[in-house]
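The primary structure of each chain is shown beneath.
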Amino acid sequence: MTAQDREVDGFDDALALVGGEPGAGGVPDRATGPVHGPHHSQDQGEGQERDRTRGAAPGPSAAPGHGPGSPPTARHRAERWDAARALAARSAASVPAARAASVPLDRAVGRALAEPLTALTDLPSFDTSAMDGWAVSGPGPWSVRPVKGSPRKGATGSRGADDLGILAGHGTVAPLPDGTAVRIATGARIPADTTAVVRSEHARTDSRGHLHADREVIPGQDIRPRGQECRTGDRLLPAGSLVTPAVLGLAAAAGYDELLTVPRPRVEVLVLGDELLTEGLPHDGLIRDALGPMLAPWLRTLGADVIATRRVRDDAEALCRAVTGSTADLVLTTGGTAAGPVDHVHPVLHKTGAELLVDGVAVRPGHPMLLARLASGRHLVGLPGNPLAAVSGLLTLAEPLLRTLAGRAPRPPYRAPLRDAVHGHPYDTRLVPFVHHDEGLVPLHFNGPAMLRGIAAADGLAVVPPGGARPGDELEVLDLPWAASVDGGCFT
Ligand SMILES: Nc1nc2c(c(=O)[nH]1)N[C@H]1C(S)=C(S)[C@@H](COP(=O)(O)OP(=O)(O)OC[C@H]3O[C@@H](n4cnc5c(N)ncnc54)[C@H](O)[C@@H]3O)O[C@H]1N2
Ligand code: MOO
């Protein structure tokens, strides 16, 4: 491994690195677990010491050139990963309340509730039949009564059997005298003094118009009592809940025509890099832009509306115009965060009077990521150019910031046990693509900063603490929004 390999893989060369070429190995099959590559190491995409795959924390003294216990000075400005996320979430805390607006239900989906959803009615709002059958009063057999004003099916049949009974949507119905039964439909109002509903398949009428149940009738059976689901004024959902299709349905059932919601934040993506191609095969040192196609749909899943994805050439003036001219709530840049000759993000932020809130995060990959408040009060997140480092920045800084801008409640972190050991960085958090497996999280190969092969097959990113983790250790998990299912029922 060359020094360049180490650098590309996001570890400084102070680390004693042993092991195979970066990115060796295969992507595990979801059913069968990892397909090991030639080196049989879990995540050589980061080029680490093999013995750290047992999770032994090497400690800062493993980094020659830095005093024991003291991280390298180059990191002095880097925020801890969890602190950076918290800071990103806090940095826009005052914005959502100011933007809340009432919108009709059909415009509310995808936004967050700006106030709790409180029931405007009891649900059900009247005692309701849960089945098609008979409302009965007292013990059987019952004499069947026609329902006054009910539509009739036909002239034949025994007395009362030909009327359709009480249907859903009917208004007030007369109380049911003891010893009588009326036909009733699912969703219809239960007459006062009803003891139970007997399903149509569990009863028969005789030639004298009496109804007999063919099994025991339990008082209250198949009646949904008024207020069973909620009472007027009950809090159904807290403020900050995402309005999903299911929430829309609940809101409508609970009597809402409009919902007070926070609009989705508007994001503009600026893709930097003269080396980027938007089509065809890489050639002559030029490469395909992997971030432009990826970010807009990903941002939408994070609750943002992407107003544009623009390519900006490696020119400070062009970047300056693009940043200051944007009307988005969040400007998201890719590339140009480091200190190379055409890395213009820092100089442009400085020149335009932006306040750097986060300037580097102690996370691998992605440590040059940044968060700034622009002079206009809008926010800018600078994602590093390496594609997996950009994903790391997206989930570390943009996701919590967007959640706050969108008025969404913070998502409580959850943890899951690790199936296979994963090595760590001595000082920094690592984010490692994984798949869920019955036996725990399985870290994926091809997790180097420039690689998307691991994340493309992943259910999420595992948060590996400095020093690494052993099988059975519980790691915080950042699920990808499209992860189909989670073994172990983390969402139940
Ligand atoms: N002297 C140092 N150099 C670098 C450091 C460092 O600490 N000291 N950090 C390295 C790390 S870590 C990363 S990550 C990168 C971040 O660099 P930038 O944000 O300035 O990104 P670029 O230099 O523009 O690009 C880096 C890399 O990614 C490729 N790239 C950029 N955009 C895209 C895209 N849209 N699709 C696909 N690939 C992209 C670009 O071609 C470069 O290969 O800095 C290191 N350097
Ligand atoms: O290699 Mo850098 O840490 O990818 O972000």
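Look up a bit, the structure's there.
This one's a predicted model, so the numbers in the text were calculated from it and none came from an experiment. (Residues numbered from 1 in each chain as written. Chains lettered and ligands numbered in written order. Predicted model: local features only at pLDDT ≥ 70, side-chain atom pairs only at ≥ 80, totals over all residues. Heavy atoms only, no water.)

## Some thoughts on the sheet that holds strand 18 (residues 330-334)
Next up, step 1: Here we have six strands laid out as an open sheet, ordered 17-14-18-22-21-19, and mixed in their pairing. Each having just a single partner strand, strand 17 (305-312) and strand 19 (355-359) make up the two edges of the open sheet. Going across the sheet, the axis of each strand differs from the next one's by a mean of 20°, ignoring polarity.
Next up, step 2: Relative to strand 21 (residues 370-373), strand 19 runs antiparallel, the two sharing four bridges. When the sheet's bridge partners are listed, D359 is paired in strand 21 with L370.
Next up, step 3: Contacts from helix 6 (residues 291-301) reach strand 14 (266-272), strand 17, strand 18 and strand 22 (379-383) within the one sheet, and its direction differs from that of strand 17 by about 165°.
Next up, step 4: Contacts from helix 9 (residues 387-405) reach strand 14, strand 18, strand 19, strand 21 and strand 22 within the one sheet, and its direction differs from that of strand 22 by about 165°. (Pairing = 2+ DSSP bridges. Helix = DSSP H or I, 4+ residues; strand = E, 2+ residues; numbered from the N terminus. Axes fitted to C-alpha atoms, helices over the stretch in contact; angles between N-to-C directions. Contact = heavy atoms within 4.5 Å.)

## Brief notes about the sheet that holds strand 8 (residues 196-199)
Next up, step 1: Taken in spatial order, the six strands of this open sheet run 8-5-7-6-10-9, and their pairing is mixed. Each of the sheet's edge strands pairs with one partner strand only, and the pair in question is strand 8 and strand 9 (203-205). Neighbour-to-neighbour, the strand axes of this sheet turn through a mean angle of 35°, independent of strand direction.
Next up, step 2: Judged from the four bridges that link them, strand 5 (residues 133-136) and strand 7 (residues 180-184) form a sheet pairing that is antiparallel. Each bridged residue has a counterpart across the sheet, and for W134 the counterpart in strand 7 is R183.

## Focus: the pattern of salt bridges
Next up, step 1: Under the criterion given, the structure shown has 16 salt bridges.
Next up, step 2: Between E399 and R85 there is a salt bridge whose closest N-O contact spans 2.8 Å. Placement of E399 in helix 9 and of R85 in helix 2 (residues 81-90) is noted, with a sequence separation of 314 residues between them.
Next up, step 3: For R85, a relative accessible area of 17% gives the class buried.
Next up, step 4: For the salt bridge of R231 with D122, the shortest nitrogen-to-oxygen distance reads 3.2 Å. Within this pair, whereas R231 is found in the loop between strand 11 (223-224) and strand 12 (235-237), its partner D122 is found in the loop between strand 3 (117-118) and strand 4 (128-129), the two being separated by 109 residues in sequence. (Salt bridge = Lys/Arg side-chain N within 4 Å of Asp/Glu carboxyl O. Buried < 20%, exposed > 50% of the residue type's maximum accessible area, 1.4 Å probe, protein only.)

## Points about the packing of aromatic side chains
Next up, step 1: Taken as a whole and assessed by the stated rule, the structure comprises one aromatic pair.
Next up, step 2: Ring plane angle 70° and centroid distance 4.7 Å describe the contact between W298 and W482, whose orientation is recorded as edge-to-face. Within this pair, whereas W298 is found in helix 6, its partner W482 is found in the segment after strand 27 (474-479), the two being separated by 184 residues in sequence.
Next up, step 3: Overall, the relative accessible area of 4% leaves W298 in the buried class. (Phe/Tyr/Trp six-rings, centres within 6.5 Å; stacked < 30°, edge-to-face > 60°.)

## Brief notes about the nonpolar core
Next up, step 1: Formed by 47 residues in total, the largest nonpolar core has its most connected members in W298, L299 and L332.
Next up, step 2: The leading source of residues in this core is helix 9, at ten residues.
Next up, step 3: Both domains that furnish three or more residues to this core are identified here as domain 1 (3-78 + 411-488) and domain 4 (264-405).
Next up, step 4: Among all residues touching W298, those that are not within four sequence positions of it are V391, L394, L395, I455, L480, P481 and W482. (Core = buried A, V, L, I, M, F, W, Y, C linked by side-chain atoms within 4.5 Å. Domains from an automatic or database assignment.)

## Focus: the packing of helix 2 against helix 9
Next up, step 1: At their nearest, the axes of helix 2 and helix 9 sit 7 Å apart, and the two run at 30° to each other. By the angle between their axes, helix 2 is roughly parallel relative to helix 9. At the point where helix 2 passes helix 9, the crossing takes the right-handed sense. Between helix 2 and helix 9, the contacting residues are W81, A84, R85, A88 and A89 on the first element and L395, T396, L397, E399, P400, L401 and T404 on the second.
Next up, step 2: Partitioning the contact of helix 2 with helix 9 into residue classes produces eight nonpolar, two polar and two charged. (Parallel < 35°, antiparallel > 145°, perpendicular 65-115°, else oblique. Left-handed = near helix turned anticlockwise from the far one by under 90°. Nonpolar A, V, L, I, M, F, W, Y, C, P; charged D, E, K, R; others polar.)

## What to know about helix 9
Next up, step 1: In helix 9, a bend of some 40° at A398 exceeds every other bend along the element, and P400, a proline, comes one to four places later.
Next up, step 2: In terms of residue burial, helix 9 counts as a mostly covered element, since 19 of its 19 residues are buried.
Next up, step 3: Positive backbone phi, approximately 75°, marks G407, located one or two places after helix 9. (Bend = angle between axes of the 7 residues up to and from the residue.)

## Thoughts on the pairing of strand 14
Next up, step 1: Burial analysis of strand 14 places six of its seven residues in the buried class, which makes it a mostly covered element.
Next up, step 2: Here seven bridges tie strand 14 to strand 17, and the two strands are oriented parallel to one another. The partner of L270 across the bridge, within strand 17, is R310.
Next up, step 3: Inspection of the sheet shows strand 14 paired to strand 18 by five bridges, in the parallel sense. Across the sheet, residue E268 finds its bridge partner in strand 18, namely V331.

## Some remarks on the environment of A239
Next up, step 1: Along the chain, A239 falls in the loop between strand 12 and helix 5 (245-253).
Next up, step 2: Expressed as a C-alpha distance, the spacing of A239 and P116, which sit 123 residues apart in the sequence, is 4.2 Å.
Next up, step 3: In contact with A239, other than residues within four places in its own chain, are L113, A114, E115 and P116.

## Things to note about the site of ligand 1
Next up, step 1: The full set close to ligand 1 counts 21 residues, and E275, D289, A290, T337 and A338 are the nearest of them.
Next up, step 2: For ligand 1, a nitrogen atom lies 2.9 Å from a polar atom in the backbone of A290.
Next up, step 3: A distance of 3.0 Å separates an oxygen atom of ligand 1 from a polar backbone atom of G385.
Next up, step 4: When isolated, ligand 1 has an accessible area of 860 Å², and the protein chains bury 70% of it.
Next up, step 5: Among the elements of the structure, strand 16 (287-288) and helix 9 are those that each provide at least two residues to the shell around ligand 1.
Next up, step 6: When grouped by side-chain class, the residues that make up the shell around ligand 1 number ten nonpolar, six polar and five charged. (Near = heavy atom within 4 Å. Polar contact = N/O pair within 3.5 Å; in protein donor to acceptor, adjacent residues only side chain to side chain. Areas by Shrake-Rupley, 256 points an atom, 1.4 Å probe, with all protein chains shown as cover.)

## A look at unusual backbone geometry
Next up, step 1: G140 connects to P141 through a cis peptide bond whose omega is -10°.
Next up, step 2: Between R364 and P365 the backbone carries a cis peptide bond, its omega angle lying at -5°.
Next up, step 3: Mapped onto the elements, P365 comes out in the loop between strand 20 (363-364) and strand 21.
Next up, step 4: The phi dihedral of D222 falls on the positive side, at around 55°, and the residue is not glycine.
Next up, step 5: Along the chain, D222 falls in the loop between strand 10 (210-213) and strand 11.
Next up, step 6: What makes D222 buried here is its relative accessible area of 17%.
Next up, step 7: One non-glycine residue, D284, adopts positive backbone phi at about 50°.
Next up, step 8: By secondary structure assignment, the location of D284 is in the loop between strand 15 (276-277) and strand 16.

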